Structures are given as structure tokens and as C-alpha cells.
Amino acid sequence: MCGIVGIVGKSNVNQALFDALTVLQHRGQDAAGMVTSQGGRLYLRKDNGLARDVFRTRHMKELIGNIGIAHVRYPTAGSSSMAEAQPFYVNSPYGITLAHNGNLTNVEQLTKEIYEADLRHVNTNSDSEVLLNVFAHELAARNKLQPDKEDVFATVSRVFERCQGGYAAVAMITGYGIVAFRDPNGIRPVVYGQRQTEQGVEYMVASESVALDVLGFSLIGDLAPGEALYITEQGELHTRQCAKAPKLSPCIFEYVYLARPDSILDGVSVYKARLRMGEKLAEKILRERPEHDIDVVIPIPDTSRTSALELANILGVKFREGFVKNRYIGRTFIMPGQAARKKSVRQKLNAIEQEFKGKNVMLVDDSIVRGTTCRQIIQMARDAGAKNVYFCSAAPAVRYPNVYGIDMPSVHELIAHNRTTEEVAELIGADWLLYQDLEDLKEAVGGGKVKIEQFDCAVFDGQYVTGDIDAEYLQRLEDTRNDLVKNGAQVANSIIELHNS
Ligand SMILES: O=P(O)(O)OC[C@H]1O[C@H](OP(=O)(O)OP(=O)(O)O)[C@H](O)[C@@H]1O
Ligand SMILES: NC(=O)CC[C@H](N)C(=O)O
Ligand SMILES: [Mg+2]
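Please read all numbers here as calculations on a predicted model, not as lab measurements. (Residues numbered from 1 in each chain as written. Chains lettered and ligands numbered in written order. Predicted model: local features only at pLDDT ≥ 70, side-chain atom pairs only at ≥ 80, totals over all residues. Heavy atoms only, no water.)

Some thoughts on the packing of aromatic side chains
Here is the rule: Centres within 6.5 Å make a pair out of two Phe, Tyr or Trp rings, where for Trp the six-membered ring is used; the pair is then stacked when the planes are under 30 degrees apart, edge-to-face when over 60, and tilted otherwise. Secondary structure elements follow DSSP: runs of H or I no shorter than four residues count as helices, runs of E no shorter than two count as strands, and numbering proceeds from the N terminus. The rule is simple: take the accessible area with a 1.4 Å probe, protein chains only, and divide by the maximum for that residue type; under 20% is buried, over 50% is exposed, in between is partly exposed. Either the NZ atom of lysine or the CZ atom of arginine qualifies as a charge over a ring when it sits within 6 Å of the ring centre and within 35 degrees of the ring normal.
Using the criterion set out here, one finds 12 aromatic pairs in the structure. Judged by centre distance (6.1 Å) and plane angle (75°), the ring pair of F160 and F181 falls under edge-to-face. Of the two residues, F160 sits in helix α6 (residues 149-162) while F181 sits in strand β8 (residues 177-182), which places them 21 residues apart along the sequence. Both residues of the pair, F160 and F181, belong to the buried class. Through a chain of ring-to-ring contacts, three or more aromatic side chains come together here, namely F135, F160, Y167 and F181. In this arrangement the basic side chain of K46 is found over the ring face of F88, its NZ or CZ atom lying 4.6 Å from the centre. Of note, R331 hangs over the ring of Y257, and the distance from its end group to the ring centre comes to 3.9 Å.

Some remarks on the UniProt feature "domain: Glutamine amidotransferase type-2" (unreviewed entry) in the protein chain
The condition is simple: UniProt positions are given in the numbering used here, feature names are shortened, and annotations may be inferred rather than shown by experiment.
Those places that UniProt annotates as "domain: Glutamine amidotransferase type-2" (unreviewed entry) correspond, in this numbering, to residues 2-234. The span residues 2-234 carries 27% helix and 35% strand; its end-to-end C-alpha distance comes to 28 Å.

Description of the environment of G371
As for its placement among the helices and strands, G371 is situated in the loop between β20 (360-365) and α12 (372-383). G371 sits 18 residues away from V389 along the chain, and the two C-alpha atoms are 15 Å apart.

A look at the pairing of strand β16 (residues 296-299)
The criterion, for reference: A pair of strands counts as paired when DSSP detects no fewer than two bridges linking them. Look down the strands so they point away from you; if the path from the first strand over the helix to the second goes clockwise, the crossover is right-handed.
Side chains V296 and I298 of β16 all project onto a buried face; the interleaved residues V297 and P299 project onto the opposite face, where all are buried too. Bridging between β16 and strand β17 (residues 318-319) involves two bridges; their strand directions are parallel. Residue pairing for β17: V296 is matched across the bridge by K318. Handedness of the crossover is the feature at issue here: the chain leaves β16, passes through helix α10 (residues 305-315), returns alongside β17, and the resulting connection is right-handed. As judged from the four bridges shared by β16 and β20, these two strands associate in the parallel manner.

Focus on the UniProt feature "active site" (unreviewed entry) in the protein chain
Put simply, the test is: Note on definitions: a residue-residue contact is assigned when non-hydrogen atoms from the two residues lie within 4.5 Å.
Per the UniProt record, "active site" (unreviewed entry) is annotated on C2. Residue position: C2 is located in the segment before β1 (3-8). C2 gets classed as buried once you look at its relative accessible area, which sits at 5%. Ignoring any residue separated from it by four or fewer positions in sequence, one finds C2 in contact with R27, H71, V72, R73, Y74, H100, N101 and S207.

Brief notes about the site of ligand 1
The cut-off we apply is this: Proximity is defined per residue: if any heavy atom of the residue lies within 4 Å of a molecule or strand, that residue is considered near it. We define a polar contact as two N or O atoms separated by no more than 3.5 Å, with the added condition that, inside protein, one atom must be a possible hydrogen donor and the other a possible acceptor, whereas residues neighbouring each other in sequence contribute only through side-chain atom pairs. The Shrake-Rupley method, run with a 1.4 Å probe sphere, supplies the accessible areas, and residue values consider only the shown protein chains as cover. Just so you know the grouping, Ala, Val, Leu, Ile, Met, Phe, Trp, Tyr, Cys and Pro go in nonpolar, Asp, Glu, Lys and Arg go in charged, and all remaining residues, Gly too, go in polar.
Taken together, 17 residues lie around ligand 1, and T303, K348, D365, D366 and T373 are the ones closest in. Y257 is positioned with one of its side-chain polar atoms (N or O) 2.6 Å from an oxygen atom of ligand 1. One of the side-chain nitrogen or oxygen atoms of D366 is found 2.5 Å away from an oxygen atom of ligand 1. A total of 500 Å² of accessible area belongs to ligand 1 in isolation, and the protein chains cover 96% of it. Residues that form the shell around ligand 1 fall into these classes: five nonpolar, six polar and six charged.

Considerations on the sheet that holds β1
Counted only if it meets this: Here, axes are lines fitted to C-alpha atoms. For helices the fit covers the stretch in contact, and angles between N-to-C directions go from 0 to 180 degrees.
Strand order across the open sheet formed by seven strands is β3-β2-β4-β1-β10-β9-β11, with antiparallel pairing between neighbours. Each end of this open sheet is capped by a strand with a single partner; those strands are β3 (41-48) and β11 (218-222). Geometrically, the sheet is characterised by an average inter-axis angle of 15° between neighbouring strands, direction not taken into account.

Regarding the site of ligand 2
Neighbouring residues of ligand 2: 15 residues in total, closest M1, C2, R73, G102 and D127. Interatomic distance of 3.2 Å between a side-chain N/O atom of Q86 and an oxygen atom of ligand 2. The contact in question runs from a nitrogen atom of ligand 2 to an N or O atom on the side chain of N103, over 2.9 Å. Look at ligand 2: alone it shows 290 Å² of surface, and the protein chains cover 100% of it. When residues of the shell around ligand 2 are traced back to their parent elements, those giving at least two are β6 (96-104) and α5 (127-140). A per-element tally of the shell around ligand 2 places β6 first, with four residues. Tallied by class, residues from the shell around ligand 2 come to five nonpolar, eight polar and two charged.

This is the structure in C-alpha cells:
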């Protein structure tokens, strides 16, 4: 779940792109990049690190132009090498750059085709570089000196025919405009909006609506699954449905953890969805233990705050901030290695003893994935003197790998894989553990004012909406991307493409 953004403006867009990246930083902390265009030239800066570290004043000065795209990365394919930071670039046709959120599931076949049939060179293990080359090949196949919107939309249709998986992408065609597209299942989100300036209307595409809000763009809407958008350099906006059988199946984990609460995705407020998750969970507690003895509800900052608050309200139990979060430490789950993740939990969270001493505490988290967070947190609650430590998760048990852009490649790393709730409770040291039911989660997200009928819930139920995932695929994923392999795979590549400023 990386963050992508593209802007067609009326003055230099570098500052706006940078600001958007800082707002989307929660979607990827490993690498950041930006490319802008002016007078047929491209200006690129990308590297590993947070946006604020990658872009210094000297880089910003060189990123000139009224049009550009940018990316924050959380690696889910290839390695964490800086050579895989995005946007990627190919020089033909026209000079195209691309930023991608998601994961292709037929990347091996595509890599072969690109080399053997399309005669194109791919220099990294990133699936995003493959996606760019498919797009570039199909645009080149139109054989036009000056491509128009029909060429762009026909190209996206071909991309949909060839590429499987989850992908939300934004690409810049040098001298022509910005294209954005969302896979036919709409697994990853893309929104777009506009703002009025003295020089005319500016357009922006981004992973989440919060990026539009903060920059003063008003939301026009989401890209529908299978829809593409093309904004010319002159500022004309075109949209088109380019897929044969689109079906909205957004990743439900976006609402659980990935997205910011102040975003609206596919018409659903993430904040409200999380409130409803808390409500459903409280109802389950009351069903299962009407005589519960919970003294206080405590969230695990940050993401669970919203659902924990509503859970406490419905239970009629005190809501307290029992853990203080170090604001200078980022998100733990999207860190690349287990050692870093483990260390970070203790650095990030500290208990306020008074809230625990002698009490039965109900700790609430949005999800339990590897169990890194809850194990340590429960111990901290005990050390702080809690009488009983109960734990609940606003999402169901995570039991299956994710293949669409969340780094959960190995079932053996998932604490709930092949374990009952009681076994997980024992392992994490909880006196009582409660998970949200999947139907309740679906209802919490898709049952509000705006209805969503189908989701990608694969991490909870093992059903992969693209229909191309089998045991063999999952085994390969496990073998190539488990924690041990990833730790050994950090090759110090340099970037072979545009000069990096
Ligand atoms: O079971 P685990 O493998 O530990 O993963 C789940 C935890 O990781 C996430 O927190 P994170 O620290 O990434 O971000 P947050 O501050 O937004 O909650 C999530 O909110 C859970 O707390
Ligand atoms: N999290 C993502 O969306 C990752 C995009 C791409 N698969 C990469 O690894 O760079
Ligand atoms: Mg958390």
C-alpha cells in the first residue's frame, strides 16, 4: 500500500507534490520519489527514506514544472533497494514515468513476455517497473507521433488485459499529460479532485482523499474499478471505463489499518467505518460476556483509537489513554524486518501506570497480524500492574497471505495461522481474546449510507478476488519473500534510468 499522487497545475507543482507525500507518508516509509516535467525535460529525485529526508532544498529547486507525479514506498515486491524507489522511467515512447500502489500477481509471465515478445529491458525485481513497461509497450504499439486520449485509453485497456493483481497507478507521458488507472477489481484506492487558482483549474490524483483536503483540492470522486483518467498538460480532464468486466472489490484492510481515518474511500468515511467496527465489537462482547468485568478500555495507538472509543461508548465503560506514543517513531507494521518491528514497539509505546494498576483492562487494536505489537503491549500492561488483561481486535484473525500490495507474504509469520482464538490468546498472554467477525467487519465498512457489496478480504478468508492465486503461487511467494530471505536480499543497486538530482 504505497502512496501515489499526480498533479497537473498552473505553476510549479513540486511543493504541492511534496506536501501530498507527507500526508500519504503513513502508506509507505521506506522510499520516496518525485518527477516533474517542463519543456519536454524530466526532473527526478528519489531515494530510500521518508519524504522529508529525501527532498532537500537543493533537490526541490531542481524539480521544476507544472506537472508531476510522486510516490512513497512500502516494498511488497523485489527488494528495499533504492533502485526500486519510484517513479520508474522508460525513455520510449515519449518518455514515461510511473508510480504504482499494489502488486501484480502475474509478474513472472509478464517479465518473460516483456523481454521475449516486447523486446524491452527491465532492470530491477520491482513489479512496478514491469507495469510501466507493459504500459509503454502498449502505448508504443499505437504507433502515433502524437498520442490522443483514444490512444491513452486503448493502452489502459490493454494493460487491464495483460496485468493481473491489485494496481492503482499514475503515469506521466512527457509533453502530453498524466494518466491514472485502477485495476478492474478496484482493490487499491484512487481519488481525484480539482482546485481553482487565478491561472485556472488544477487537477490532482492521489491514493487517499486526505491528500486532496490538505492541499485545498475538492474531491471529484474515486476512480471506479477499471476506470482510467487522462489529464492533458493543457488541463483537460477525460475519464473512461476501460475494463471489460469491472467489479468493485476494494481491499477491506484499507479501512481497518492502511488508510488515514480522515479519508473517504469509495464514498465511505474511514473514520465512520472504524466507529462502526467498534460498535460491532462491543455488541459481540455484550453477546459473549454480558456480565463482563471490564473496568477500562484502552486503545493501542494509533490506528485503533477510533474503534476503541466507540467500543467504550457502547459498553458504557471508561475510555482511557493508557499508552503514550512517541510521535517520532513511524508505523511498526510496515517496517521491513521483524527485528526492527519488534524493537520499535517498545520505543514507540509507553504505559501510564495509573490506568492499569489493579484493573481489568480491555486493550483494543485494529488488527493482530504477526502479533509483534500485542505480545509486548500485554506484557507492558501486566508490568504496569493490570489485574486482568483482555484484548480485542477490530478485525478478524489474519490467517492468509496478502498478494495485492500488503507485505504479508508468509502464512508462518501470521500468529493466527492454523491456530484457534484460544491458542493465540495463550501465545500473546491475554486472559481473554476476542476478534471481530468477518460479516460484522464487512457490514461496518460496506453497510453504511454508501453500500459496498464485495471486498477483497483474502487475509481473513483466503478468497482471492482475482481468481488466479493457487497454493503453488502462495508457496512461491512464501519462499521468495519471507523475512529471512528479505533480510539477505538487500543488494545495493544504483538507478539505471533518469539522472537523479
Ligand atoms: O500484529 P502486528 O504484526 O504487530 O501488526 C498489527 C499492529 O501493527 C499496526 O500498528 P502500527 O504500529 O504499524 O501503526 P499505527 O501506529 O498506525 O497503529 C496495527 O495498527 C497493529 O497495532
Ligand atoms: N505497497 C505497494 O503498493 C508496493 C508497490 C510495489 N509492488 C513495490 O513493491 O514497490
Ligand atoms: Mg497499531
